[in-house]
Amino acid sequence: MNKRKRIGILTSGGDCPGLNAVIRAVVNHATSEYNWEVRGIPYATKGLIERKSVVLNSYGLERHGIDPLLSMGGTILGSINKGDTEGNTDEIIQGYYDLGLDALIAIGGDGSLAILQKLAEKGNWNLVAVPKTIDNDVAHTELSVGFNSAVTTILDCLDRLSYTAASHDRVMVVEVMGRTTGHLALYSGIVGGADAILIPEIPYSIKTLCKRIRELRNLWGRKFAIVVVAEGAKTADGESRYYKDALGEVRLRGIGEYVAAEIEKNLGVEARVTVLGHVQRGGAPSALDRLIGTAFGKVAVDLIAQETYGVMVAWHNNAVTTIPLDQVFADSPLLVDPQGFWVETARSLGIYLGEELNQENIPTVNPNINNLKPFSLETIAQIN
């Protein structure tokens, strides 16, 4: 008789909408289709160190017959994004075995998944990874869980700010997350009607930015403007803006204040800054994130059934594919292509997106996902 599998699942790194949708799909599919036991590991590697786990089943995820997980933000398992693995490596690895796990599904971004992959290689774990991040910078997946929801949240904020900007003839500078990449700023700026989008991958000029705003005011008669700035964008002189918090952690912040001050100095118009911060990571997941999270969770379970490990599920051409984890980390973080489709689209709409690049000054970017050749799994089936 075959031993009943016990699989673990954890969420690591910053939270985002859609994590609970992945957990729900894993639990429902693993218990209904395979009759496996699913253990949730609280607070990622901390839970492994403390040998803590909770039994998850489809009945336990419901309350009075209502399934709340699809609409619930954050993660019911908790998460950490600065776990101390140094000195605890052996304890973390042994935690996997002490909990009696046959395989582990890890939901995380490129940083936390890279750490877990190293632990898995050293400890001989059976690991399947699920990409999540509002930054959308994990290589070899068109979308990560949480990105679409964050764009939707920023869109709502841009819509609201546009009205007050128009009422007071102001320039609104909106600083969004994204770390060292500009996907979040680019997508949200396009759908939110931004007049300028500043991202880390493309250098910009204050003079040209102000020229664009002046044209709006003088030639088109529109007295307000919306400028979306990625937190990782540099000043026109190439400097990053950041601060150290009370715990000594370096945080990206301040580029929005810089851009607003330069606009006021050069144009003599009022500019206000809004730093959206962690509001971008909160709230209910969008329909697309619920769909992707569900598909990722289902396929991750099937990969364990096939004993296919050391891979990450990915979204490509409206289907789930798998990519070797080594390949993912070799090409992460995935940067915005300065000559890609969405940059070209933004420019064609009259959005200022930094200086035009030629072959001599194009920054090095990771391979475009359209050139990938991942291998597909079978067509995604509905979860029971």
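Counting restarts for each chain, with residues numbered from 1 along the sequence as it is written. The model is predicted, so local features are restricted to residues of pLDDT at least 70 and side-chain atom pairs to those at 80 or more, both for listing and for counting; the totals for chains, interfaces and linings are taken over all residues. Think of the side-chain values as coming from all heavy atoms in the structure, minus any hydrogens and water.

By the naming in an unreviewed UniProt entry, the chain is ATP-dependent 6-phosphofructokinase, taken from Planktothrix rubescens CCAP 1459/22. UniProt positions are given in the numbering used here, feature names are shortened, and annotations may be inferred rather than shown by experiment. Per UniProt, the comment on the chain under Catalytic activity (unreviewed entry) is "beta-D-fructose 6-phosphate + ATP = beta-D-fructose 1,6-bisphosphate + ADP + H(+)". Per UniProt, the comment on the chain under Pathway (unreviewed entry) is "Carbohydrate degradation; glycolysis; D-glyceraldehyde 3-phosphate and glycerone phosphate from D-glucose: step 3/4."

Trainee: How should I be thinking about the confidence of the model for the chain in this particular structure?
Mentor: Note that predicted coordinates carrying low pLDDT should not be read in detail. Of the residues in the chain, 89% reach a pLDDT of 70 or more, and the chain-wide mean stands at 90. Per-residue pLDDT stays below 50 along residues 363-384; that stretch engages in 48 contacts with residues further than four places along the chain or on separate chains. The pLDDT value tells you how sure the predictor is about a given residue, anywhere from 0 up to 100. The contact criterion used throughout is that any non-hydrogen atoms of two residues lie within 4.5 Å.

Trainee: What should I look at first to understand the nonpolar core in this one?
Mentor: Looking at soluble globular proteins, one finds that nonpolar side chains tend to be buried together. Residues grouped as a nonpolar core are buried Ala, Val, Leu, Ile, Met, Phe, Trp, Tyr and Cys residues, joined through side-chain atoms within 4.5 Å. Three labels apply to residues, based on accessible area from a 1.4 Å probe with only protein chains included: buried if under 20% of the type maximum, exposed if over 50%, partly exposed otherwise in between. Counting residues in each nonpolar core, the largest one holds 63 residues, and the members touching the most others are Ile7, Ile9, Ile105 and Ile197. Segment limits for the domains were obtained from an automatic or database-derived domain assignment. A domain-level breakdown of this core finds at least three residues from each of domain 1 (4-143 + 284-329) and domain 2 (147-279). Other than its neighbours up to four places away in sequence, isoleucine 105 contacts Ile7, Gly8, Ile9, Leu10, Val26, Val128, Val130, Ala300, Val301 and Ile304. One finds Leu10, Ala44, Leu127 and Val138 within the second-largest nonpolar core, a separate group that totals 24 residues.

Trainee: I tried to follow unusual backbone geometry on my own but got confused; where do I start?
Mentor: When glycine is set aside, most residues are seen to have a negative phi, and most peptide bonds are trans. Residues serine 332 and proline 333 are joined by a peptide bond in cis, for which omega reads 0 degrees. With respect to the helices and strands, proline 333 occurs in the loop between helix H10 (325-331) and helix H11 (341-348). We note that alanine 44 has phi near 55 degrees; this positive angle belongs to a residue other than glycine. Position of alanine 44 among the secondary structure elements: in the loop between strand E2 (37-40) and helix H2 (45-49). In this structure, asparagine 317 takes a positive phi of about 55 degrees despite not being glycine. For asparagine 317, a relative accessible area of 58% corresponds to the exposed category. Runs of E in the DSSP output that reach at least two residues are strands. Runs of H or I that reach at least four are helices, and both are numbered from the N terminus.

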